[in-house]
Amino acid sequence: MRSGFNSVFLLIFLLLLDIYVFQAVRAIVYMSSPRVRTVTYSIYWFVSLACLITVALLPYIKWHNWPTAVRSYVLAVIIGLVVAKLLTAVFLLLDDVRRALTWVVRRFSAAKTISPETAVNGLSRSQFLNRLGLIAGGGLFATLVYGFSNKYNYRVHKIKLALKNLPASFKGMRIVQISDIHSGSFANREAVIKGVQLINDQRADLILFTGDLVNDRASEMEPWMDVFRQVKAPMGVYSTLGNHDYGDYYPWPDKTPNGYSALQHQNLERLKQVHGELGWKLMMNENAVLEKGGEQIALLGVENWSAMSRFPRHGDLKRAYEGIEHIPFKILMSHDPTHWDAQVRTDFPDIALTLAGHTHGMQFGIEIPGLKWSPAQYIYKEWAGLYKEGDQHLYVNRGFGFLGYPGRVGVLPEITVIDLV
């Protein structure tokens, strides 16, 4: 009952938003020819009603059985249009508030006249704000559509780190980090193959994958096994689980009222096998000791551990730490960067480097010299790149794949290269 009420409320809100924004569209073409007005109105309402009908039908169609690419693009277009209209509505609301205040001043002011309403190039303030709102909303939507072309536009980020207690034998070691593959979102095989080749081109000594191999189901990796088996390094490929790997976001048909699903459990066990079949060592709250030149460093890997209640917390860092207390240099793989501030820095100060992913940098932002911004920063304190507190470092990978929105704007898919110097 509550779900049905929420759906009706959402549809009413979206319809009112469409009507509100349409006032700006109508004002812009009001002086145009009847043909232009008819075409403009028809296009606007055709697209708007198509989105409304799709949203209304979602509870009644097997959405999860749609082809991944189709599902992603449909969802992206709908969300993009809604966000663009919301941005436009902000400008319209500013104009409505301005006009309301003007009316109040005119109604109660001792002087019954106010200055003429003018703006740029002779446009009234209302016309100016209407056009500015439509340009802002349209520009945002166009940017999101442009971002579709960037989802396989892989970027190599290279950093050099001088870390405390690093044994001399390991100086010069190259680590490649990848994260958030989300194989269930892929549709372009050739592009993914090029991305994997770019990973191998970095000639890493050690490759570390920090979670979210799939969106929900282990079967999503089946078409890509031969591709990611090519990811190799002399000291091995190690991996961990991310929040999506547990299948929590898929509607398993046998899920009981208390949340248990035998199919979901089988899916997780199968995903663990997939890591092994790729030749990757999946670290489930455990550690590995790496040796070189008679010296040792420790690598720890934990299951997903988040400081946010909406994400799973299966990681057990204390368990992963057991038996390596005597090794002074440690690297941790933990999918969610909130783990670093919540537990790693406070309870395990000898972990020199933590590698995480998860945020994707929201797949949207600005990263240019002197400016680094993304909506992700309002959710995560550490959301992309390198962070340092004392002798400890955190690197948050922006993700190799994509999820939900089938594109990237500003924050491109990443392969991280870390040279220990």
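First, a word on scope: everything that follows refers to the structure included in this document. Note that this is a predicted model, so its numbers are computed, not measured.

What counts, and at which threshold
- Residues numbered from 1 in each chain as written.
- Predicted model: local features only at pLDDT ≥ 70, side-chain atom pairs only at ≥ 80, totals over all residues.
- Heavy atoms only, no water.
- Helix = DSSP H or I, 4+ residues; strand = E, 2+ residues; numbered from the N terminus.
- Expected span 1.5 Å × (residues − 1).
- Buried < 20%, exposed > 50% of the residue type's maximum accessible area, 1.4 Å probe, protein only.
- Arc of directions from axis to C-beta.
- Pairing = 2+ DSSP bridges.
- Axes fitted to C-alpha atoms, helices over the stretch in contact; angles between N-to-C directions.
- Contact = heavy atoms within 4.5 Å.
- Phe/Tyr/Trp six-rings, centres within 6.5 Å; stacked < 30°, edge-to-face > 60°.
- Lys NZ or Arg CZ within 6 Å of the ring centre and 35° of its normal.

For helix α4 (residues 125-146), spanning 22 residues, the distance from its first C-alpha to its last is 31 Å, which sits close to the expected 32 Å at 1.5 Å a residue. Taken as a whole, α4 has its buried residues at Ser126, Leu129, Asn130, Gly133, Gly137, Leu140 and Leu144. Seen from one end, α4 has its buried residues packed into an arc of 105 degrees, which puts them on one side. More than 90 degrees from the buried face of α4, the exposed residues found are Ile135 and Tyr146.

Before going further, it helps to examine the sheet that holds strand β8 (residues 330-333). Strand order across the open sheet formed by six strands is β6-β7-β8-β9-β13-β12, with mixed pairing between neighbours. Unpaired on one side and paired on the other, β6 (286-292) and β12 (385-389) mark the two borders of the sheet. Within this sheet the neighbouring strands show an average axis-to-axis angle of 20 degrees, counted without direction. With four bridges joining them, strand β7 (residues 295-301) and β8 adopt parallel strand pairing. Bridge pairing links Leu300 to Leu332 in β8. Running over the sheet, helix α9 (residues 338-347) touches β8, β9 (351-356), β12 and β13 (392-396) and is turned about 155 degrees from β13.

Our next topic: the packing of aromatic side chains. Throughout the structure, instances matching the rule amount to 18 aromatic pairs. Ring geometry for Phe22 versus Tyr44: centroids 5.5 Å apart, planes at 40 degrees, classification tilted. Of this pair, Phe22 sits in helix α1 (residues 2-29) while Tyr44 sits in helix α2 (residues 34-57); the two residues are 22 residues apart in sequence, bridging distant segments of the chain. This pair shows no difference in class: Phe22 is buried, exactly as Tyr44 is. Taking the centre distance of 6.3 Å and the plane angle of 85 degrees together, the rings of Phe186 and Phe400 count as edge-to-face. Separated by 214 residues along the polypeptide, Phe186 in the loop between β2 (174-178) and α5 (189-201) and Phe400 in the loop between β13 and β14 (414-420) bring together distant segments of the chain. An aromatic cluster is defined as three or more aromatic residues linked by ring pairs; in this entry it consists of Tyr152, Tyr154, Phe186, Trp224, Phe228, Phe400 and Phe402. Sitting above the plane of the Trp383 ring, Lys372 keeps its charged end 5.1 Å from the centroid.

Read these as geometric descriptors, not functional statements.
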